[in-house]
Amino acid sequence: MVTLAVLIVGASLLASLPYWLPSAVLGLRMRIFTWINGEEGMAIPGKLVDAAQLKRLYSHPAANGRSRGAALSDLFWYWLSPGAHLHQEHLEPGEEYEEVARTTRRILSLPRKPAEDWVARSVTDVVGRATQSVNVVRLRDLMMPIWAEFYYRLVFCEPCPIGARDLIVGNANDVVTALKCCSLRHMERRYRLTRFLVDRVESGAVPHDLPAHLSAREQALYLQGTFFNTAVVQMSEAMAHLLLALAKHPHVQDRLASNLNDEGYLDRVIDETLRLYPLFGIAHRITSSEIRLDERTIVPRGTVLCFSYPAYHRSGFVDPDVFDPDRWKTVSPRDANYIPFGIATNRPCPAQGLAPVTMRAAAREMLKRFEFHSSASHTRSIPNRGPCLLVPRARQFGSAPRRLLLFALRLRDRWEDVWRSIVQLALGTYMVWDARRLRLCERYFEAQALTVREPGPQPMAAPSEPGGDYRCPHTNGRVRV
Ligand code: HEM
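As the structure is a computational prediction, the values presented were derived from the model and not from experiment. (Residues numbered from 1 in each chain as written. Predicted model: local features only at pLDDT ≥ 70, side-chain atom pairs only at ≥ 80, totals over all residues.)

Q: Break down the overall build of the chain for me, with residues and values.
A: Each helix and strand in the chain was counted, giving 15 helices and eight strands. Taking 23 Å as the expected radius of gyration for a compact globule of 481 residues, we find that the chain reaches 23 Å, a close match to that expectation. Projecting the C-alpha coordinates of the chain onto the three principal axes gives extents of approximately 80 × 55 × 50 Å. A burial count over the chain gives 38% of its 481 residues as buried. Of all intrachain contacts in the chain linking residues separated by at least 6 positions in sequence, the fraction that spans at least 24 positions is 77%. (Helix = DSSP H or I, 4+ residues; strand = E, 2+ residues; numbered from the N terminus. Rg over C-alpha atoms; globule rule 2.2 N^0.38 Å. Buried ≥ 20, exposed ≤ 12 C-beta atoms within 10 Å, placed from the backbone. Contact = placed C-beta atoms within 7 Å.)

In structure tokens form, the structure reads like this:
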């Protein structure tokens, strides 16, 4: 009798693991991170500064420190290596930052028509042959080679060879998998791309003016960090969220697929996706002087401000957890608590113009070819990489086999979640500890403080603004796609 009771309790406990273990392990992981890294930062919205004041604080000129003085930075530099010290996201404000930011804006200033053509070409190259059979895919993995090709073309103004695409995907995948604590860093994989880019920079293959104050190796690291890491990762994650949201909301998908030119609706679906699943969990800044928000609210100098996108994007919305693209019919993105690309006055995303154009184009290309179905969980950090059933539109696929496949997918996703949460706990703890040990950011600024700098400003490239008439600097106007 006792044995039977023990067996029943054991079996129930085992069967219920997917429902409580992952969140319990996540809570434990966060506590261990705080324990190793120390209590740092002011959460916003939070006790002192609420959602109504977030934009004011974020845009304050003194909310401008980026890396120096935050233990959190050691962790980000660790994940984004090599070359985190050259990444636009992590540079402190100043001349070097301005020159790098100008270069990024210039490279990203691709007009809409070539942008859409290049996306269409990349989608055809990558998924062109997958239009015959039904496949179970991970959406992030499916999208990554598409964006690797696109950004290669943007940087080099020529089609992307398969070998280069593999190097870029290997690099981007390694960064994002480590960031989510699903795997350790594999620096050799990343250095392979660095070596390839150094060769290309040294042989004059980059047709854009790169920051003049950087050496060839530093220019290669700049390209690697911004275009072959951030751009590829962010676009792949954004598209994985978009397609997974469509897979989980068939009525939204049907409405879009039956009218692919309804740009207004597509924009609302993208806005709703980026509201519920913002790519940044937290963006941090370090205050360079005291900030007085009102009579009672004073933020001291040196405070690490942690702006929480998920919390902000849920405040002030009716039924904030419901995926409802039509909410944007009556709410203006400009007036809402919604900042998918950051704050215009404080280092916003330089791709806020190009990213939505290319997302729209990629969504149309994918919806033309496939139906998407999924029963997997959809969370902001999407560590499952968006498991999804990809059904070619040209193919008949009965509802019985589809339901069976979706049942199997759900079961696999739930159990993977259990295993993954334990892996994330172990690897995350190790990486937080390793990043504290290496102190990449802290040591960089210590070394900088000891360096004697040449007096006077450094020579800088003449600024050039995006024009409507795009001329590929490499092909003298002829854009080879
Ligand atoms: C849908 C896609 C994307 C979203 C939602 C997104 C979102 C964001 C956000 C919210 C920030 C500001 C974070 C902060 O305040 O610290 C940011 C910064 C940045 N993003 Fe994006 N991003 C996307 C795609 C891209 C792409 C394609 C690139 C390609 C180069 C890019 C490059 C950067 C850079 C370099 C920064 C740092 C800006 C600076 O500090 O000056 N992002 N992004």
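Next comes the rest of the account.
Q: Help me get a handle on the sheet that holds strand S8 (residues 387-392), residues and values and all.
A: Spatially, S2-S8-S7 is the arrangement adopted by the three strands of the open sheet, whose pairing is antiparallel. Whereas interior strands pair on both sides, the edge strands pair on one side only; in this sheet they are strand S2 (135-138) and strand S7 (370-373). Taken over all neighbouring pairs, the strand axes of this sheet differ in orientation by 35° on average, direction set aside. Strands in contact with helix H6 (residues 139-156) are S2 and S8; relative to S2, the strand with the most contacts, it is inclined by about 75°. (Pairing = 2+ DSSP bridges. Axes fitted to C-alpha atoms, helices over the stretch in contact; angles between N-to-C directions.)

Q: Summarise the confidence of the model for the chain; cite the residues concerned and give the values.
A: Considering every residue of the chain, the mean pLDDT works out to 90; 90% of them sit at 70 or more. In this model, residues 455-470 is a region of pLDDT below 50 whose contacts with residues beyond four sequence positions or in other chains number 18 contacts. (pLDDT = per-residue confidence, 0-100.)

Q: Help me get a handle on the packing of H6 against helix H7 (residues 162-179), residues and values and all.
A: Contact pair H6 / H7: the axes reach a minimum separation of 9 Å and the direction vectors enclose 115°. Crossing of H6 over H7 shows right-handed handedness. On H7, the residues touching Met-144, Pro-145, Ala-148, Glu-149 and Tyr-152 of H6 are Ala-164, Arg-165, Ile-168, Val-169, Ala-172 and Asn-173. (Left-handed = near helix turned anticlockwise from the far one by under 90°.)

Q: Pulling in residues and values, what's your account of the pairing of S7?
A: Side chains of S7 alternate between two faces, with Phe-370 and Phe-372 and Glu-371 and His-373 buried alike. Across four bridges, the pairing between S7 and S8 is antiparallel. For Phe-372, the partnering residue across the bridge sits in S8 and is Leu-390.

Q: I'd like to hear about the site of the ligand, residue by residue, with values.
A: Surrounding the ligand, one finds 25 residues, the nearest of these being Ala-231, Gly-342, Arg-347, Cys-349 and Ala-351. Listing elements by their share of the shell around the ligand, those giving two or more residues are helix H4 (95-108) and helix H9 (216-248). Looking at the shell around the ligand, the element that brings in the most residues is H9, giving seven residues. Among the residues forming the shell around the ligand, the class breakdown is 17 nonpolar, six polar and two charged. (Near = placed C-beta within 6 Å. Nonpolar A, V, L, I, M, F, W, Y, C, P; charged D, E, K, R; others polar.)

Q: So, the sheet that holds strand S3 (residues 282-286): which residues are in play, and what are the values?
A: In any sheet, the strands associate via hydrogen bonds between backbone groups, in a parallel or an antiparallel arrangement. With mixed pairing, the three strands of this open sheet are ordered in space as S1-S6-S3. At either margin of the open sheet sits one strand with a lone partner, and together these are strand S1 (42-44) and S3. Taking each pair of neighbouring strands and ignoring which way they run, the sheet shows an average axis angle of 25°. Both S3 and strand S6 (residues 304-308) contribute to a ladder of five bridges, which runs antiparallel. Paired with Ala-283 across the two strands is Phe-307, which belongs to S6.

Q: An account of the packing of helix H8 (residues 187-202) against H9 is requested, with residue identities and associated values reported.
A: Where H8 meets H9, the axes come as close as 8 Å, and the angle between the chain directions of the two elements is 120°. In terms of their interaxial angle, H8 and H9 are classed as oblique. Here the hand of the crossing between H8 and H9 comes out right-handed. For the pair H8 and H9, contact is made by Leu-193, Thr-194, Leu-197, Val-198, Val-201 and Glu-202 and by Ala-216, Arg-217, Gln-219, Ala-220, Leu-221, Leu-223, Gln-224 and Phe-228, respectively. Tallied by class, the residues present in the contact of H8 with H9 amount to nine nonpolar, three polar and two charged. (Parallel < 35°, antiparallel > 145°, perpendicular 65-115°, else oblique.)

Q: Provide a residue-level description of helix H13 (residues 354-369), including the pertinent values.
A: Between the first and last C-alpha of H13 there are 23 Å, a value that for 16 residues agrees with the 22 Å anticipated at 1.5 Å per step. Residues Leu-354, Ala-355, Thr-358, Met-359, Arg-360, Ala-361, Ala-362, Ala-363, Arg-364, Glu-365 and Met-366 constitute the buried set of H13. Close packing links the buried residues of H13 with H4, helix H5 (112-127), H6, H9, helix H11 (263-276) and S7. (Expected span 1.5 Å × (residues − 1).)

Q: Please give an account of helix H3 (residues 71-80) that cites residues and values.
A: In terms of burial, H3 is largely enclosed, as nine of its ten residues are buried. When H3 is considered as a whole, its buried residues turn out to be Leu-72, Ser-73, Asp-74, Leu-75, Phe-76, Trp-77, Tyr-78, Trp-79 and Leu-80.

Q: Can you lay out the environment of Leu-276 for me, pointing to particular residues and giving the numbers?
A: Looking at where Leu-276 falls in the secondary structure, it is placed in helix H11. It is 9.9 Å that separates the C-alpha atoms of Leu-276 and Ala-245, two residues lying 31 residues apart in sequence.

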